[in-house]
Amino acid sequence: MTAPRILWCVLILMGSSLVALAQEPLTSEVGSAVRLEICEQGLNDQDAWPEIRPTATESFEIPAFGIDRIPPKYVDDGLRGPRPSPSLVRMTATVALPAGNHRLLIRARSASRLSIDGVRIAETAFAPKNGGDGSQADTERLVPLDLGQGYRFAPRGEYEMIGQYEAPGVPIEVTFELFAGGREGKGARRVEVGESVVAVAKAGSDHWELLTPSTPGIPYTNSRWEEYSLRVETLVNQYSAAQRAALRRQSDNYWTSRREAAAAWLSATPEVPVPLFSDAVRQNPIDQFVEHTFSLVKLQNDRRSPEKVDFFRDVKPLLESRCLDCHRGAKAKGGLRLDSQQAVETGGESGSAIIPGDTSQGELLRRIQSHDAEVVMPPKGARLSETEVALLSRWIEEGAVWPELPLVRDSLADPVDDAGFVRRVMLDTVGVPPTSEEFRAFLSDHSESKRAALIDRLLSDPRWADHWMPFWQDLLAENPNILNPTLNNTGPFRWWLYESLLDDVPLDRMVTQLILQRGGDREGGPAGFGVASQNDVPFATKGAILSSTFLGIDLKCARCHDSPTGSSRQEQLFQLGAMLAKKPLEVPKTSSVDPSRLTAGGRVPLIEVTLLPGSKVEPHWPFLACVSPEVTRQLAQNPDDSRELLAALMTAPHNERFAQVIANRIWQRFMGRGLVEPLDDWEKGTPTHPELLRWLGREFVRGGYRVKSLARLILNSAAYQRSVDQHLKRPDPLYTACEPRRLSAEQVVDGLFVSTGKAFRTEPMCLDLNGRRDTSNSIDLGTPRRAWMLASLSNERDRPSLTLPRLQAVTDVLSAFGWRGARQDPTSSRDVDPNALQPAILANGVMSQWLTRLSDDHPLTELTLSDQPVESLVDELFLRLLSRLPTSEERARYVEWLAEDYAARRVLNPPRVPPPHVAPKLITWTNHLQPESDPAAVARNAAVQQGDPPTPRLDPIWRARCEDVIWALINSPEVLYRP
Amino acid sequence: MTQRIARRDCLKLALTGVAASWAPSVLANPAAPFPLGKAEHCIFFWLGGGMAQIDTFDPKPLGDAHSKPPQPGSYYRSIDTAVPGVQVTEHLAQTARVMDRVTVVRTVNHRVVDEHAFATNLVHTGRMISGSTIYPSLGSIVAQQRGPLNPDVPAYMLIGIPNVSRGPGFLGARHGFVYLTDTKTGPAGFSRSTDVDTARAASRQSLLEPLQNRFPSESIPADYRAAQTEALRLSGPDFMRHFDLSTEPSTTRQRYGGEFGQRCLLARRLVQAGVRFIEVSHNLGFVNGTGWDTHNGGQLQQHVLIQELDSALSGLIEDLQQHKLLEKTLIVVGTEFGRPAAFDSGGGRGHQGTAFSLVLAGGGLNHRGAYGATDDDCKLPVESPVSIPDFHATIHAALGINPAHELLDGARPVPITDGGTPIARLFA
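Sequence order as written defines residue numbering, which begins from 1 separately in each chain. Written order determines the labels here, with chains lettered from A and ligands numbered from 1. pLDDT decides what is reported in this predicted model: residues at 70 or higher carry local features, side-chain atom pairs at 80 or more are listed and counted, and totals for whole chains, interfaces and linings draw on all residues regardless. In computing side-chain properties, one takes all heavy atoms of the structure into account and sets aside hydrogens as well as water.

## What about the overall build of chain B?
Inference 1: Numbered from the N terminus, helices here are DSSP runs of H or I no shorter than four residues, and strands are runs of E no shorter than two. The number of helices and strands found in chain B is 12 helices and 15 strands.
Inference 2: Against the compact-globule benchmark of 22 Å for 428 residues, chain B has a radius of gyration of 22 Å, which places it among compact chains.
Inference 3: Reported as C-alpha extents along the three principal axes, the dimensions of chain B are approximately 75 × 50 × 40 Å.
Inference 4: When accessible area is computed with a 1.4 Å probe and restricted to protein chains, residues below 20% of their type maximum are described as buried, those above 50% as exposed, and intermediate ones as partly exposed. Looking at chain B as a whole, 63% of its 428 residues are labelled buried.
Inference 5: In chain B, of all internal contacts separated by at least 6 residues, the share reaching a separation of at least 24 is 70%. Values of the radius of gyration come from C-alpha atoms, whereas the globule rule sets the reference at 2.2 Å times the count of residues to the power 0.38. When checking whether two residues touch, look at their non-hydrogen atoms; a contact exists if any pair is within 4.5 Å.

## Concerning the overall build of chain A
Inference 1: Scanning chain A from terminus to terminus reveals 32 helices and 20 strands.
Inference 2: Here the C-alpha atoms of chain A give a radius of gyration of 32 Å, agreeing with the 30 Å that 2.2 N^0.38 yields for 979 residues.
Inference 3: On the principal axes, the C-alpha backbone points of chain A span a range of 105 × 75 × 60 Å.
Inference 4: For chain A, with 979 residues in total, the buried portion stands at 58%.
Inference 5: For chain A, the proportion of contacts with a sequence separation of at least 24, taken over those separated by at least 6, is 73%.
Inference 6: Surface accessibility in these figures is a Shrake-Rupley result with a 1.4 Å probe; residues are shielded only by whichever protein chains are displayed. Within the structure as shown, chain A displays about 38600 Å² of accessible surface, and the carbon and sulfur contribution to it stands at 54%.
Inference 7: Taking the 112 positively charged and 128 negatively charged side chains of chain A as two groups, their mean positions are separated by 2 Å. Positive: Lys, Arg. Negative: Asp, Glu. His and the chain ends are not part of the count. Charged groups are reduced to one reference atom each: NZ for lysine, CZ for arginine, CG for aspartic acid, CD for glutamic acid.

## Observations concerning the environment of G782 of chain A
All names here are of chain A.
Inference 1: Among the secondary structure elements, G782 is positioned in the loop between α24 (745-756) and α25 (805-816).
Inference 2: Exposure remark for G782: the relative accessible area of 24% places this residue in the partly exposed category.
Inference 3: Each C-alpha atom of the pair G782 and L885 lies 37 Å from the other, and the pair is 103 residues apart in sequence.
Inference 4: In this structure, G782 is in contact with P764 and M765, ignoring residues within four places of it in sequence.

## Description of the pattern of salt bridges
Oppositely charged side chains are able to pair whenever their charged atoms sit close together.
Residues and elements named next belong to chain A.
Inference 1: Salt bridges are defined as contacts in which a side-chain nitrogen from Lys or Arg sits within 4 Å of a carboxyl oxygen from Asp or Glu. Counted according to the given criterion, the structure contains 103 salt bridges over all chains.
Inference 2: In this structure, R494 and E478 form a salt bridge, with 2.8 Å as the shortest nitrogen-oxygen distance. In this pair, R494 is assigned in helix α14 (residues 494-502) and E478 in the loop between α13 (463-475) and α14, connecting sequence segments 16 residues apart. Neither R494 nor E478 differs from the other in exposure class; each is buried.

## Focus on the confidence of the model for chain B
Residue and element names in this part refer to chain B.
Inference 1: Confidence of the prediction at every residue is given by pLDDT, a number between 0 and 100. With 92% of its residues at a pLDDT of 70 or more, chain B has an overall mean of 89.
Inference 2: Counted against residues more than four places away or in other chains, residues 1-32, with its pLDDT under 50, gives 39 contacts.
Inference 3: Across the predicted assembly, pTM comes out at 0.91 and ipTM at 0.89.

## Considerations on helix α12 (residues 388-398) of chain B
All names here are of chain B.
Inference 1: With respect to burial, α12 is a largely interior element, 11 of its 11 residues being buried.
Inference 2: Of all the residues in α12, the buried ones are I388, P389, D390, F391, H392, A393, T394, I395, H396, A397 and A398.
Inference 3: Where α12 begins, the side chain of S387 points an oxygen toward the backbone nitrogen of D390, at a separation of 3.1 Å.
Inference 4: In the stretch just after α12, G400 is the one whose phi turns positive, near 80 degrees. Any pair of N or O atoms that falls within 3.5 Å is considered a polar contact. Within protein, one atom must be able to donate a hydrogen and the other to accept it, and sequence-neighbouring residues count only if both atoms are side-chain atoms.

## Focus on the packing of aromatic side chains
Residue and element names in this part refer to chain A.
Inference 1: Stacked, tilted and edge-to-face are the three classes assigned to paired rings of Phe, Tyr and Trp, where Trp is represented by its six-membered ring and a pair needs centres within 6.5 Å; plane angles under 30 degrees give stacked, over 60 edge-to-face, the rest tilted. Taken as a whole, this structure holds 41 aromatic pairs over all chains when the rule is applied.
Inference 2: Note on F471 and W472: the rings are 5.0 Å apart at their centroids and 85 degrees apart in plane angle, and the pair reads as edge-to-face. This pair shows no difference in class: F471 is buried, exactly as W472 is.
Inference 3: One aromatic cluster in this structure is built from W464, W468, F471, W472, F550, F658, F670, F700, Y705 and Y720.
Inference 4: One cation-aromatic arrangement involves R424 over Y720; the distance from NZ or CZ to the ring centre is 5.7 Å. Two limits define a charge over a ring: the Lys NZ or Arg CZ must be within 6 Å of the ring centre, and within 35 degrees of the ring normal.

## Observations regarding the interface of chain A and chain B
Inference 1: Listed as interface residues are 80 residues of chain A and, on the opposing side, 70 residues of chain B.
Inference 2: Of the roughly 6300 Å² buried between chain A and chain B on both sides combined, carbon and sulfur atoms contribute 57%.
Inference 3: Summed over both partners, buried area is the accessible surface (1.4 Å probe) that two parts give up on being assembled. When residues of chain A are sorted by the area they lose upon contact with chain B, E796, D798 and N844 of chain A head the list and together hold 11% of the total.
Inference 4: Counting across the chain A and chain B interface gives 11 salt bridges.
Inference 5: A salt bridge links D293 of chain B to R799 of chain A, with the nearest nitrogen and oxygen atoms 3.1 Å apart.
Inference 6: Taken together, the links from chain A to chain B amount to 22 residue pairs in polar contact (both at pLDDT 80 or more).
Inference 7: Mapped by element, the contributors of at least two residues to the side of chain A that touches chain B are α25, α26 (837-844), α27 (846-852), α29 (870-882), α30 (888-899), α31 (933-946) and α32 (956-970) of chain A.
Inference 8: Amino acids outside the nonpolar list (Ala, Val, Leu, Ile, Met, Phe, Trp, Tyr, Cys, Pro) and the charged list (Asp, Glu, Lys, Arg) are all regarded as polar, and Gly is one of them. Of the residues that constitute the side of chain A that touches chain B, the class distribution is 30 nonpolar, 26 polar and 24 charged.

## Some details on the sheet that holds strand β2 (residues 58-62) of chain A
Working definition: the strands of a sheet are paired by backbone hydrogen bonds and lie parallel or antiparallel to each other.
Residues and elements named next belong to chain A.
Inference 1: Pairing is antiparallel across the open sheet formed by 6 strands, whose spatial order is β2-β1-β6-β11-β8-β9. Bordering the open sheet on either side are β2 and β9 (119-124), each of which pairs with just one other strand. Taken pair by pair, the neighbouring strands of this sheet meet at an average axis angle of 15 degrees, ignoring direction.
Inference 2: Bridge analysis of strand β6 (residues 87-95) against strand β11 (residues 172-180) gives 9 bridges, and the strand direction is antiparallel. Among the inter-strand pairings, L88 is bridged to a residue of β11, identified as F179. Two strands make a pair as long as DSSP finds a minimum of two bridges between them. Axis definition: a line fit to C-alpha positions, over the contact stretch in the case of helices; interaxial angles, taken between N-to-C directions, run 0 to 180 degrees.

## Concerning the side chain of E963 of chain A
Inference 1: Note that E963 of chain A resides in helix α32.
Inference 2: Reaching out from E963 of chain A, the side chain makes a polar contact with the side chain of R200 of chain B at a distance of 2.8 Å.
Inference 3: If sequence neighbours within four positions are ignored, E963 of chain A has contacts with T852, R853 and L854 of chain A together with R200 and R204 of chain B.

## Here we look at unusual backbone geometry
Inference 1: The peptide bond linking T215 of chain A to P216 of chain A adopts the cis configuration, its omega dihedral lying at -5 degrees.
Inference 2: Along the chain, the position of P216 of chain A falls in the loop between β15 (209-210) and β16 (218-219).
Inference 3: A positive phi angle is found at N296 of chain B, which is not glycine, with a value near 45 degrees.
Inference 4: Summarising the element assignment, N296 of chain B is placed in the loop between β7 (277-281) and α11 (302-322).
Inference 5: Its relative accessible area of 26% is what places N296 of chain B among the partly exposed residues.

## What about the side chain of H110 of chain B?
Residue and element names in this part refer to chain B.
Inference 1: Along the polypeptide, H110 turns up in the loop between β4 (102-109) and α4 (116-125).
Inference 2: Separated by 2.7 Å, the side chain of H110 and the backbone oxygen of E336 make a polar contact.
Inference 3: Ignoring sequence-local partners within four residues, the contact set of H110 consists of A119, L122, V123, E336, F337, G353, T354, F356 and I388.

## Some words on the pairing of strand β14 (residues 406-409) of chain B
Residues and elements named next belong to chain B.
Inference 1: Going residue by residue along β14, you find L407 and D409 tucked away on one face and E406 and L408 left uncovered on the opposite face.
Inference 2: Alignment of β14 against strand β15 (residues 412-415), held across 4 bridges, turns out to be antiparallel. Looking at the pairing, L408 lines up with P413 of β15.
Inference 3: Counting the residues that bridge the hairpin from β14 to β15 gives 2 residues, and of these G410 lies at a positive phi of roughly 65 degrees.

## Brief notes about α32 of chain A
Inference 1: For α32 of chain A, which comprises 15 residues, the first-to-last C-alpha distance of 21 Å matches the rise-based estimate of 21 Å (1.5 Å per residue) to within 8%.
Inference 2: Across the 15 residues of α32 of chain A, 13 count as buried, placing the element largely inside the fold. One less than the residue count of a helix, multiplied by 1.5 Å, gives the span that helix is expected to have.

## Here we look at the packing of α14 of chain A against helix α15 (residues 507-516) of chain A
What describes two packed helices is the angle between their axes and the distance between those same axes.
Residues and elements named next belong to chain A.
Inference 1: Remark: α14 packs on α15, axes separated minimally by 11 Å, with the N-to-C direction vectors making an angle of 165 degrees. Between α14 and α15, the angle falls in the class roughly antiparallel. When the axes of α14 and α15 are compared, the crossing they make is right-handed. Residues W496, L497 and S500 of α14 pack against M510, Q513 and L514 of α15.
Inference 2: Looking at the contact of α14 with α15 residue by residue, the classes come out as 4 nonpolar, 2 polar and no charged. Throughout, the term roughly parallel applies to angles under 35 degrees, roughly antiparallel to angles over 145, roughly perpendicular to angles from 65 to 115, and oblique to all others. Two helices cross in a left-handed way if the nearer one is turned anticlockwise from the farther one by less than a right angle. They cross in a right-handed way if the turn is clockwise.

Here it is as structure tokens:
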């Protein structure tokens, strides 16, 4: 209530015209909710209020006059789409205010107006058009209004205005209207509301409350707003889920017919017989397959002897590293394949490669020992060493024994114990370990079916969607950038992925939506998949992603030339791309190889270019081996649309490859290894369990293309539930035991936040906080609550004012563990090898410091303050952080460490330090080049490095000791490995 | 831009330019060996935003930003340098004195000027982005090809903000950088938090030990344990001492200048420690608001940035020389593009890629002050154009790396540079 406020009001009032609002008759009594309406029509591009009150297109109820989000707009088949920009948001309610002279605060991103009983009380102006280059000062909003201790500062540079209102003491009709979005240059701003609020400070009070028809009031303070905002988020999510469901119901008929077609196909084709193995009649069919193969391989391997060369240990790795790049698949060089026993003995153009038992003949030994540069193999790189040659020679001499699969273990491992199971199955389904309550509840449950019951519960847990996000983001190369899209960036189609997973949309339908690419590309619809900024042929890129993800056909090489080793041709990729483009696709020079380069140096070209630059390729289904177009034409709703035809071909039950490729990927995710490897290039691999693979494919179709139906089968199998053999260095293809498997980067980060309980608190993933830029060059990815929600923070501008330090601290951890912020290409497998940066960032990084430091808001601070013996504290820390109790040695060690001064750990009457009341400097795109922005950003980054202040409620020395224990537990290797 | 030089033409021109010193047979065969230098390290300055060559290393007659209409030309006066006939701006006075150890390559050119990120990626990787391959940065290639000089330190370090363009691309994360954002905080992950002193770090370690010993010695978790041991070493004094600038004489620290200079001093220390490639970002936009992206008002204080660069660059050259490291250390000044002679309506400058300057110093090259020449407007090369692949090839060759050598992206061979040819006269 100082001079700046008065100046403020004057400034804003000068910019607006006072037009009396036509009073709408409101009939409601003092209710319990505020009606929120969204109006999309009747608004113009000019910054002006409409003369006729626009009609609402959507409405729902919220608890108070405060909102920081509006629901996404859903179009088509329940996909996020663009809303007209600007749209208008109107909030109305009948409110009881006691008689008296009250102050009213309004806050909005752009123009807004508050009326009571038809009389204008306050308004804010239209935000100026200055998205610009970032050098404009936006002086009136750089420093938010400060109305005293406890006042919540405008978080995103919202306009604010205060009005006086003399309340009559009878119910009043309140209307608050505001603009969301607006034009910006030739484009449009995001249709967002910032934090739009009406708050009241009642006569004689300095405490601000959200204006609400309900009682009690909601104090407008930081902590209470957070709670309120979560309530609004829940309401918006419920409303949005209903919107999606209603839209999807419109195409129920089509999808019912697809289910019928699938059922018809299943009954028309023979079932895969499940081997009836051993006496275990009640076994899961998966176990019948797995144990059957195990027994067969065991028999084969009994012929081994320890003195002989071991094929899998000694020979196969050598073939894989030095020979197989050229000698496998359809285009094996010289017609020679070295990927199966039969192929090796048959040989290639030059004759048999190997004659078992005879080292005097056979091309393989001749070539690897030759000194003729034209003859020697391998043709590139170092010669095979003498040891390697001797090894191969001895192996051939001993009969070139080539068992189907290696026998890594002679017996099946015991089932994992309950403690290991609950941690494992939660990490594998919802991506986080159990809380200590969940852990105790599962262990104290003695029912026989408790594992199956837990699996069922987890499969319907909404966190399933969170856990499966990285899988799809990696495969589909979801690569949004919050600033100007540049390097192969896509739209943020993460939101479509997430909602599909949340709503359990069957995969055939999801893939259909992906291929049709509808919805808004910048709003999160599958249209964003179709984008690849600065890519010469985006649809070729997308075609390659679709074929490797869903058909296991690798078309990466085919971007510029036919595959040198596989059967894929450049024409196929461009045919697929043309189906996505819905028109002929031209091969640009930049997606070809200059013929003069192929023969440079006089060498024989390794690759062939069969499509010349400038060729136009028509839309055409290139994979007749998977399915023929005739079979599925009737499945597409509109087969003349090449995208619809492609979607039907891809997802038809007749295309067994699709169901099997997906089944293989799901299997790999739970079991550590695909039945076919590589997952994305089946031509290079042979299935270890071909019958199981076919059976799983059919079960996937039978289960309505639901990933969860396969997950339920796998998770309930004995093969999945076997204990870990710590000595395994890689997954056993016979699944006799589990290998120690490194968690994904997201599991590591999410798990640490969940197990310590520390809030996952970062900046919003946005560099245009006040929504001034064009949607085409700035998006808001929201404030993450799980690791998958992060994205690359890279903008190649090197400006501190464009950094987001809390998010950076998290991405530092994620990146060290193999997450890629920028997903320029798809991947089926991440790097999980250990390196020094991983333990370093967990030991010393900023994020670990948040998790370790016992600050006032840390749940572990409450735990240490609670009245319990030190032994219980140690037990609880182990349960929370490692999902197990300490061993007696461990307990003794940590109890000894914490017992010192344990009784005196609590500080009596700690000094009460009020939270600092300082307006944070808003740093956003519009002002990021202002001279004061970078130093402010540097200071902010330094504060983030410092971390949260330690609690004054614990004795500093004891607190540090306890933090050291927490540090040790979160740095324990077992945090990173699946039990 | 009315006249553009197609990239292929640039290559051709560049080849003609160097033909005199090479036998024709070499030219006919791009895979043939190039002359290779003996530099051991590279310090790569990054001037994000686009350094105006006309106001720094390729000066022209004075213009006037404030006349109506504005008169194109340099914003500052030019001065002579240690190399007769080669001039630079008056704000590079200290660098001018050591210009005999420097070559300004004035004819670098590309066509990507609309978006900083795109051009930054191009200058870092030496290639246009591709639909199917993620190319590695210069630093990652050098790190992968040559490894660290001392196995106990990282091969590639970044003093600046992490980004995609500086990344390892298809070479994989192990050829990425270890970064620090300023000289006070030390490298992310390896510097302990300020409330953890040596004694506390030791107690933490002893509390961790029993938890590390739960796994058999030949196992995947045991490999992680080995990584923990290495991380512990790197966060200890053995490695962290390199980041302690307070042990440097105050005269040295002053000679280098402000935070950017201190980063360069740190880079010299990292060279001594055995780091192979150090990228040093000059991300201090607050000196003039815009950093090197001097649109509009960013022009007004641009000289402060240039002076900072001047102290740091000349300080580094002299200091490396004193430590007998200059011949072994190639200094490169990189930026994503240049800026035109003409001024924008706000008195600053836009973007220009048709000709701009990148700078080389030390590294055992045969320096000549400047290489190549531009027209009166600094807009097009008039002799010896140098493409981005050529510039990369020059850096690699100076570091003893064959720029035609093929890296492997999976099974796909990818030459280190996209047909680049080193500037032969620097190797004569």
